[in-house]
Amino acid sequence: MWKRLLLAVAALLLAAGDGSRAAPQGDSAARRVEGRTLVSAERPAVRIKFDDDFKYAGTQSFVLYDVAGVEQFFFVDADRENRIRRLYWVQFEGYLPSNTHTYDYSGVKETINLGGFEFRTDAVAVNLAGVLSQRKDSDGARARAFLESKGYRLSGNDFMWRRLIHLTDETRRHELLIVYLEDLGGTGLTAGDLMGQGRHSARWPEVSRQLLRRAAKGMKIERN
């Protein structure tokens, strides 16, 4: 799971994915954005309202790796030059009827309840400058290409993000994924400082907890 997460980060920041292989809209008719509020009628039926600092940047749908349908929504906090400082990336994903795959997040132990929905959650800080291998057809590559097509770009190489995962039913074939990303620029810290044997790695548990608090604070989730 961490491999997929890191590849998605890498793709979002560095990969040259073209995001061009569009899929039928599928569930898109069941979802809409009203101002800064994302409304979903199913899988799950939820309303997510984002703080005033975040601007809706658009949505796209596609088939991921020929096995899952994906619908992505983006809400960004950017400066005057459209450099993204913070980002909410919301992804509704479900396996296609042509397979029997299921999602397994048993290795993600931390949980949080937001608006009556239970999310598994984990976090990572990463520097992308040295990342050499990314899948150009990944969900992260498509996210990066889409944001670039809207004139946005990420402002540096050092980032941290929180991933929140909600499986919509007992079949474990559909999920709501929310990724909250922050630029580490201006904090005086790098990803290398915080992870592994970094000089401030002892601070990571508290830093990641604060990141979760900010992720939760910047949006309001409720049942639709």
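What you are looking at is a predicted structure, and each value in this text was computed from that prediction instead of being measured.

A. Structural detail: the sheet that holds strand S3 (residues 45–50). Reading across from one edge, S1-S2-S3-S12 is the order of the four strands in this open sheet, with antiparallel pairing throughout. Every other strand in the sheet has two partners, leaving strand S1 (31–34) and strand S12 (219–223) as the edge strands with one partner each. Ignoring strand direction, the axes of neighbouring strands in this sheet form an average angle of 15°. Where S1 meets strand S2 (residues 37–41), four bridges bridge the pair, whose relative direction is antiparallel. Paired with Val33 across the two strands is Leu38, which belongs to S2.

B. Fine view of the pairing of strand S10 (residues 158–167). Counting buried positions over the 10 residues of S10 gives nine, a clear majority of the element. Summarising the sheet, S10 and strand S11 (residues 174–183) pair through nine bridges and their orientation is antiparallel. Bridge pairing in S11 places Arg163 opposite Val179. Hairpin connection between S10 and S11: a loop of six residues separates the two successive antiparallel strands, and Arg172 in this loop has a positive phi of roughly 60°.

C. Summary view of unusual backbone geometry. Here the amide bond leading from Arg43 into Pro44 is cis, since omega sits at -10°, within 30 degrees of zero. By secondary structure assignment, the location of Pro44 is in the loop between S2 and S3. For Asp66, which is not glycine, the phi torsion reads 65° and is therefore positive. Secondary-structure assignment places Asp66 in the loop between strand S4 (55–64) and strand S5 (68–78). Residue class for Asp66 comes out exposed when judged on its relative accessible area of 56%. With phi around 65°, Asn82 is a residue other than glycine that occupies positive phi space. Counting through the fold element by element, Asn82 comes out in the loop between S5 and strand S6 (83–95).

D. Region of interest: the pattern of salt bridges. Summed over the entire model, instances satisfying the criterion amount to 17 salt bridges. Residue Asp77 pairs with Arg85 through a salt bridge whose shortest N-O separation is 3.0 Å. A salt bridge links Arg209 to Glu206, with the shortest nitrogen-to-oxygen separation between them at 3.0 Å. Pair noted here: Arg209 and Glu206 are both in helix H4 (residues 204–217), with a separation of three residues, about one helical turn. A relative accessible area of 39% places Arg209 in the partly exposed class. Linked by salt bridges that have partners in common, Arg32, Glu34, Arg47 and Glu222 make up one network.

E. Highlighting the environment of Asp122. Residue placement: Asp122 occurs in strand S8 (residues 117–127). Distance from Asp122 to Trp161, taken between C-alpha atoms, is 8.5 Å for residues 39 residues apart in sequence.

F. Up close: the side chain of Glu93. One can find Glu93 in strand S6. Within the local environment of Glu93, its side chain forms a polar contact with the side chain of Gln91, the two groups lying 2.8 Å apart. A polar contact of 2.9 Å, which involves the side chain of Glu93, links it to the side chain of Tyr103.

G. Just the nonpolar core, in detail. Grouped together as the largest cluster of nonpolar side chains are 32 residues, with contacts concentrated most on Ile48, Val90, Phe119, Ile178, Met219 and Ile221. Looking at this core, the element that brings in the most residues is H4, giving five residues. Grouped together as the second largest cluster of nonpolar side chains are 23 residues, Tyr95, Tyr103, Tyr105 and Leu147 included.

Basis of the calculations
Residues numbered from 1 in each chain as written. Predicted model: local features only at pLDDT ≥ 70, side-chain atom pairs only at ≥ 80, totals over all residues. Heavy atoms only, no water. Pairing = 2+ DSSP bridges. Helix = DSSP H or I, 4+ residues; strand = E, 2+ residues; numbered from the N terminus. Axes fitted to C-alpha atoms, helices over the stretch in contact; angles between N-to-C directions. Buried < 20%, exposed > 50% of the residue type's maximum accessible area, 1.4 Å probe, protein only. Salt bridge = Lys/Arg side-chain N within 4 Å of Asp/Glu carboxyl O. Polar contact = N/O pair within 3.5 Å; in protein donor to acceptor, adjacent residues only side chain to side chain. Core = buried A, V, L, I, M, F, W, Y, C linked by side-chain atoms within 4.5 Å.

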